[in-house]
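# Secondary and tertiary structure notes
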Amino acid sequence: MEIDRTIAATIVANIKGVLRHEINLFDTHGTVIASTDAARVGQYHEAAAIAAASRRSIAVDDDHPYQGAKNGINSPVLIDGSVAAVIGVTGERESVESFGDVIVKMTEILLHENIEQTARYNRRILETNLINQLIGAHQDTELIRYLSSALEWDMHARHCIVIGRLVHEGGDVVLLQQKHLQRIGDAIYTADADECCLLLGPSHHIEDTLHALAERFADDGARMGFGVGEPTADLSRLPHCYRHARLALDWQRFTGGEPVIHADRLDYGLLLPSIRPDRMVQFVERVFGGLDEAAIGRHRDTFEAYTRFNGSITHAAQSLFIHKNTMQNHLNAIANDTGYNPRSLRDYAVLDMAFRVHDYLRFTTGGVQHNTAERGTEQGTRRNHENA
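In short, a report on the structure. Just so it is clear, the model here is predicted, and its values are computed rather than measured.

Our focus in this paragraph is helix α14 (residues 345-365). In a regular helix each residue adds 1.5 Å, so 21 residues correspond to 30 Å; α14 covers 30 Å between its end C-alpha atoms and thus fits that length. Among the residues making up α14, those that are buried are D347, V350, L351, D352, M353, A354, F355, V357, H358, Y360 and L361. Backbone geometry just after α14 places G366 at a positive phi near 95°.

As structure tokens, this is what we get:
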């Protein structure tokens, strides 16, 4: 195996910090690839070459000189039964020979850590490439087959695509996501910035897996919301499922309620995003034009309490800590200000949609400007027509 020179320099520096001797790391041909004596990098070291070839430690002293070598001990480092490098410590043979086993073990540990880190990184790259292929508009079947094989991912099984969004103050959000996502077996994922995308396999109970994941993020002071697409064994449907998962995630962010929302359970979440923004503005103007945000907020509180208790004036009033007569007055105020009476089933439906659209507009675009003069005239016209 070839050792990255940056990694080699890190290993040498770490060992030097412990032993306080000059440390050299050689490739299997005896070339110095890292050293605490920078001038030696790139030089040939005969003792190291022999150590690699013979798979045994080679000591260098005045009685046993080697080309390019200083006094010391040079020992082969084995990874999975093969010589990966040779590590050497410079000094009088009597004082450094006892360090041979120590520096070998330290080097092996550091190399293993690097190998594992590199393997995890390479797997992340493969998973990212596979997911991008699966959710992209133009899937490359051969590339998907190759990546699936490399990852030992069953491309014929039923999978569910999930998009997660992280809200966290401070820290590396990518590392935080990887910390928890890599604990999910039988899944592939990609994470960047504050979002992640997962493909969960048939061994997962989607609801339990995602709720447990949200709890683990919460333990680290982060809030995670998930949008879940429809499960499918048809890879060609995954781009469609991805779009639905994105829709579900956007609705989860808007409602701020349950951490997990499934696309196939959306109601208003399917309807609102499909309406043109200018039509939403027109609709909100039709109902709330002439009212400022404070007035709309007061009416929303009244309307939500009225809704929560299924039209019970008494219970709604109690939840708002007001008298039931005051609750009646608040409902009348909604009717007077909008022209729609919440106690009329037809008008209730319009108001319910208007509050939702108003809030969705604020969530997606920052709100809507109300035309007070035009709305006042329109309200009067509507009430006069209804009273005629």
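On we go.
Turning next to the pattern of salt bridges. Tallying each qualifying case throughout the model produces 19 salt bridges. As a salt-bridge pair, D194 and R165 come within 3.1 Å of each other at their nearest N and O atoms. You can see D194 sitting in the loop between β7 (187-192) and β8 (195-200) and its partner R165 sitting in strand β6 (residues 160-167), a full 29 residues away along the chain. Classification of D194 as partly exposed rests on a relative accessible area of 26%. Among the salt bridges present, the one from E195 reaches R165, with a minimum N-O distance of 3.2 Å. On the criterion of sequence distance, the pair formed by E195 in strand β8 and R165 in strand β6 is long-range, its members being 30 residues apart. Residue E195 is classed as buried on the basis of its relative accessible area of 17%. When salt bridges with common partners are traced through the structure, they connect R165, D194, E195 and R246 into a single cluster.

Right, let's talk about the sheet that holds β7 for a bit. Spatially, β7-β8-β6-β9-β10 is the arrangement adopted by the five strands of the open sheet, whose pairing is mixed. Each end of this open sheet is capped by a strand with a single partner; those strands are β7 and β10 (260-262). Averaged over all neighbouring strand pairs, the angle between strand axes comes to 15°, with direction disregarded. Note: β7 against β8, six bridges, orientation antiparallel.

The rules we used
- Residues numbered from 1 in each chain as written.
- Predicted model: local features only at pLDDT ≥ 70, side-chain atom pairs only at ≥ 80, totals over all residues.
- Heavy atoms only, no water.
- Helix = DSSP H or I, 4+ residues; strand = E, 2+ residues; numbered from the N terminus.
- Expected span 1.5 Å × (residues − 1).
- Buried < 20%, exposed > 50% of the residue type's maximum accessible area, 1.4 Å probe, protein only.
- Salt bridge = Lys/Arg side-chain N within 4 Å of Asp/Glu carboxyl O.
- Pairing = 2+ DSSP bridges.
- Axes fitted to C-alpha atoms, helices over the stretch in contact; angles between N-to-C directions.

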